[in-house]
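# Fold and geometry: a report
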Amino acid sequence: KRPTEAGDVIVDAGAAAEDYVERPHLLRLLLAWAYLDAAEIVAAQRPKDELDYIEVVGMQLLAQALEITLKAYLSWSGFPEQELEGFRHDLAALTKTCGKWMLDTRPIGPIVDRISEPYKQHWYRYPTPGEVPLVDLRTAIPLCRQTWRVVELSPSEQRRGIKTRPDLSKPLRRDDAPS
């Protein structure tokens with residue numbers, strides 16, 4: 001981060017990304033958490049029983065967080081990076097593959113069933129008049145965070161029951177990776 005003369009803060013994503021070249025799953029986890037935070041902010045802005053386009057924005061953020069979280073899991077599990085691009089934005093295919101790679105996807109299953117196709121078709125990014133499938137963000141976000149927390153542990157740590165996690169509140173460097 002660096003402040004500009006106007007007081008704005010600019011994040012040099014290129015420099016930050018260099019620290020994650022060998023561990024792209026960590027960068028994905030950081031981004032996914034940020035998307036979940038943003039979805040939570042959007043959910044808090046909308047009156048409880050009222051629906052408008054801000055809800056659609058929240059759905060895009062939620063789906064983006066899920067996509068990145070699932071890709072982080074596959075990456076950390078040893079799934080080839082170049083093959084991750086083949087999933088594009090297909091949450092259903094990502095969820096199914098993560099299940100085959102031993103991630104318990106039951107908490108997010110109903111969410112993915114509801115939003116995978118609209119997300120894949122970019123309906124949340126480019127909404128048009130008519131019905132767009134939604135889920136309750138206030139219910140969905142905690143379930144997505146639960147899955148994120150499972151993914152935060154490496155697959156080998158999950159199998160061994162290790163509870164130590166990298167501190168993802170600050171950028172990690174190659175030399176301070178958890179052992």
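An account of the accompanying structure is given in this report.

Further remarks concern the nonpolar core. Across soluble globular proteins, nonpolar side chains show a tendency to be buried alongside one another. Judged by nonpolar contacts, the single largest core of 41 residues is most densely connected at Met59, Leu62, Leu66, Leu74, Ile111 and Ile115. Elements with a contribution of two residues or more to this core: α2 (24-45), α3 (53-76), α5 (91-100), α6 (109-120) and α7 (137-152). If one sorts the elements of this core by residue count, α3 sits on top with 13 residues. Excluding anything up to four places from it in sequence, Ile115 contacts Met59, Leu62, Ala63, Leu66, Leu91, Tyr124 and Val135.

It is worth spelling out the packing of aromatic side chains at this point. Per the stated rule, a full pass over the model turns up three aromatic pairs. Seen from their ring centres, Trp33 and Trp148 are 4.5 Å apart, and the 55 degrees between their planes marks the pair as tilted. Of the two residues, Trp33 sits in helix α2 while Trp148 sits in helix α7, which places them 115 residues apart along the sequence. Each member of the aromatic cluster is reached from another via a ring pair, and the members are Phe79, Phe87 and Trp101. The cationic tip of Arg145 hangs over the ring face of Trp33; the distance from NZ or CZ to the ring centre is 4.1 Å.

The next point concerns the packing of α3 against α7. At a minimum axis distance of 10 Å, the contact between α3 and α7 shows a crossing angle of 15 degrees. Considering their axes alone, α3 and α7 lie roughly parallel with respect to each other. Relative to α7, α3 is oriented so that their crossing is left-handed. Contacts from Glu55, Gly58, Met59, Leu62, Leu66, Thr69, Ala72, Tyr73 and Trp76 of α3 reach α7 at Leu137, Ala140, Ile141, Cys144, Trp148, Val151 and Glu152. Here the contact of α3 with α7 is composed, by residue class, of twelve nonpolar, two polar and two charged.

About the cut-offs
- Sequence positions are assigned chain by chain, starting from 1 and proceeding in written order.
- Reporting in this predicted model follows two pLDDT cut-offs: at least 70 for local features of residues, and 80 or more for side-chain atom pairs to be given and counted; totals over whole chains, interfaces and linings ignore these cut-offs and use all residues.
- Side-chain descriptors were evaluated using all non-hydrogen atoms of the structure, hydrogens and water having been removed beforehand.
- Residues grouped as a nonpolar core are buried Ala, Val, Leu, Ile, Met, Phe, Trp, Tyr and Cys residues, joined through side-chain atoms within 4.5 Å.
- Each residue's exposure class comes from its accessible area (1.4 Å probe, protein chains only) as a fraction of the maximum for that residue type: buried when under 20%, exposed when over 50%, partly exposed otherwise.
- Runs of E in the DSSP output that reach at least two residues are strands. Runs of H or I that reach at least four are helices, and both are numbered from the N terminus.
- Contact between two residues is taken to exist if any of their heavy atoms lie within 4.5 Å; hydrogens are not considered.
- To pair, rings of Phe, Tyr and Trp, with the six-membered ring standing in for Trp, must have centres within 6.5 Å; the planes then decide the type, stacked if under 30 degrees apart, edge-to-face if over 60, and tilted in the middle.
- Think of it as a cone above the ring: NZ of Lys or CZ of Arg counts as a charge over the ring if it is within 6 Å of the ring centre and within 35 degrees of the ring normal.
- Axis definition: a line fitted to C-alpha atoms, over the contacting stretch in the case of helices. Angles run 0 to 180 degrees between N-to-C directions.
- An angle below 35 degrees is treated as roughly parallel, one above 145 as roughly antiparallel, one from 65 to 115 as roughly perpendicular, and anything else as oblique.
- By definition, any crossing whose near helix is turned counterclockwise from its far helix by less than a right angle is left-handed, and any crossing with a clockwise turn is right-handed.
- Note that Gly is not counted as nonpolar here; it falls among the polar residues with everything else outside the nonpolar set of Ala, Val, Leu, Ile, Met, Phe, Trp, Tyr, Cys and Pro and the charged set of Asp, Glu, Lys and Arg.

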